[in-house]
Amino acid sequence: ETGVTQTPRHLVMGMTNKKSLKCEQHLGHNAMYWYKQSAKKPLELMFVYSLEERVENNSVPSRFSPECPNSSHLFLHLHTLQPEDSALYLCASSQTTGPRETQYFGPGTRLLVL
Amino acid sequence: GQQVMQIPQYQHVQEGEDFTTYCNSSTTLSNIQWYKQRPGGHPVFLIQLVKSGEVKKQKRLTFQFGEAKKNSSLHITATQTTDVGTYFCAVGGSYIPTFGRGTSLIVHP
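Before going into details, it helps to say that this report is about the structure given with it. Here the structure is a predicted model, which is why all the values come from computation and not from measurement.

### A short note on unusual backbone geometry
Note: most residues except glycine have negative phi, and most peptide bonds are trans. Residue Pro8(A) follows Thr7(A) across a cis peptide bond; omega there is -10°. Following Ile7(B), the chain continues into Pro8(B) via a peptide bond in cis, with omega recorded as -5°. Mapping Pro8(B) onto the fold places it in the loop between strand 1 (5-7) and strand 2 (10-14). Even without a glycine there, the phi angle at Glu52(A) is positive, about 70°.

Written out as structure tokens, the structure is:
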């Protein structure tokens, strides 16, 4: 499945580093999402973009900064993260936003913050 | 957003045994989706149910939507080691689907 790609697949960073996660979808979708998945919590929705505009931000700390330059690309900029931010970060896309829209997930970036 | 409870959290079975996971909501749902995430993988869409009492099958998997549209189940007949993974339900909220906590299925050969 190569509809949604994410880079890097693995990332180790210190708490003072700045890094960015990249997501690209090749499905012609108009909505893109960032999720956080950690061992002890369910899938946590972080951000939703529809037609390149942020439509939802689920009380995510400001050390996570999303960017959606066009409908095919989504970034998550990371700075001064904490060890508890270590998790699998999943990007997803759907045709549009809506409760019945199927979400297509990328392979994820596994992040370790030291 | 919509709240959904998914049970059990974990299920160990011997290969060949059946498996069922349930999603329950206190409110009427517009729809429910099911996803599977293999170990080390990402969630992959399986199916969507929309109609009251709807039943859909995919080979050994049977998906059911309750008559009151407040619950759903996924049943796997005669599990195989390839069924290992976490099964999530996602319920239709006002805006985007809300995911349950998932049921992790462990199949012992």
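### Brief notes about the state of the cysteines
Disulfide: a covalent bond formed between the sulfur atoms of two cysteine residues. All names here are of chain A. Counted by the stated rule, this structure contains 2 disulfides over all chains. Bridging Cys 23 to Cys 91, the disulfide has an S-S length of 1.9 Å. Because the torsion about its S-S bond is -75°, the bridge between Cys 23 and Cys 91 counts as left-handed. Here Cys 23 is found in strand 3 (residues 18-25), whereas its partner Cys 91 is found in strand 9 (residues 87-94), with 68 residues between them in sequence.

### Here we look at the nonpolar core
What tends to happen in soluble globular proteins is that the nonpolar side chains get buried as a cluster. Core analysis: the largest hydrophobic core is formed by 22 residues, its most contacted members being Trp34(A), Phe64(A), Leu76(A) and Leu78(A). Counting only elements with at least two residues in this core, the list comes to strand 2 (10-13), strand 3, strand 4 (31-37), strand 5 (44-50), strand 7 (64-70), strand 8 (73-79), strand 9 and strand 11 (109-113) of chain A. When near neighbours in sequence (up to four residues on either side) are disregarded, Phe64(A) contacts Met46(A), Phe47(A), Leu76(A), His77(A), Leu78(A), Leu81(A), Asp85(A) and Tyr89(A). Phe19(B), Leu46(B), Ile47(B) and Phe65(B) belong to the second-largest nonpolar core, a separate cluster that totals 20 residues.

### Regarding the interface of chain B and chain A
Facing the 22 residues of chain B at the interface are 24 residues of chain A. At the boundary of chain B with chain A, total buried surface from both sides reaches about 1,800 Å², with 56% on carbon and sulfur atoms. Applying the counting rule to chain B against chain A returns 0 salt bridges. Counting every contact that joins chain B to chain A gives 7 residue pairs in polar contact (both at pLDDT 80 or more). For the side of chain B that touches chain A, the elements supplying multiple residues, two or more each, are strand 4 (32-37), strand 5 (44-49), strand 9 (85-92) and strand 10 (97-99) of chain B.

### Observations concerning the pairing of strand 2 of chain A
All names here are of chain A. Here strand 2 shows a buried face lined by Leu 11 and Met 13 and an unburied face lined by His 10 and Val 12. Two strands pair when backbone bridges link them, and strand 2 and strand 11 are joined in this way by 4 bridges, in the parallel orientation. Paired with Val 12 across the two strands is Leu 112, which belongs to strand 11.

The rules we used
Residues numbered from 1 in each chain as written. Chains lettered and ligands numbered in written order. Predicted model: local features only at pLDDT ≥ 70, side-chain atom pairs only at ≥ 80, totals over all residues. Heavy atoms only, no water. Helix = DSSP H or I, 4+ residues; strand = E, 2+ residues; numbered from the N terminus. Disulfide = S-S within 2.5 Å. Core = buried A, V, L, I, M, F, W, Y, C linked by side-chain atoms within 4.5 Å. Buried < 20%, exposed > 50% of the residue type's maximum accessible area, 1.4 Å probe, protein only. Contact = heavy atoms within 4.5 Å. Buried area = accessible area lost by both parts, 1.4 Å probe. Salt bridge = Lys/Arg side-chain N within 4 Å of Asp/Glu carboxyl O. Polar contact = N/O pair within 3.5 Å; in protein donor to acceptor, adjacent residues only side chain to side chain. Pairing = 2+ DSSP bridges.

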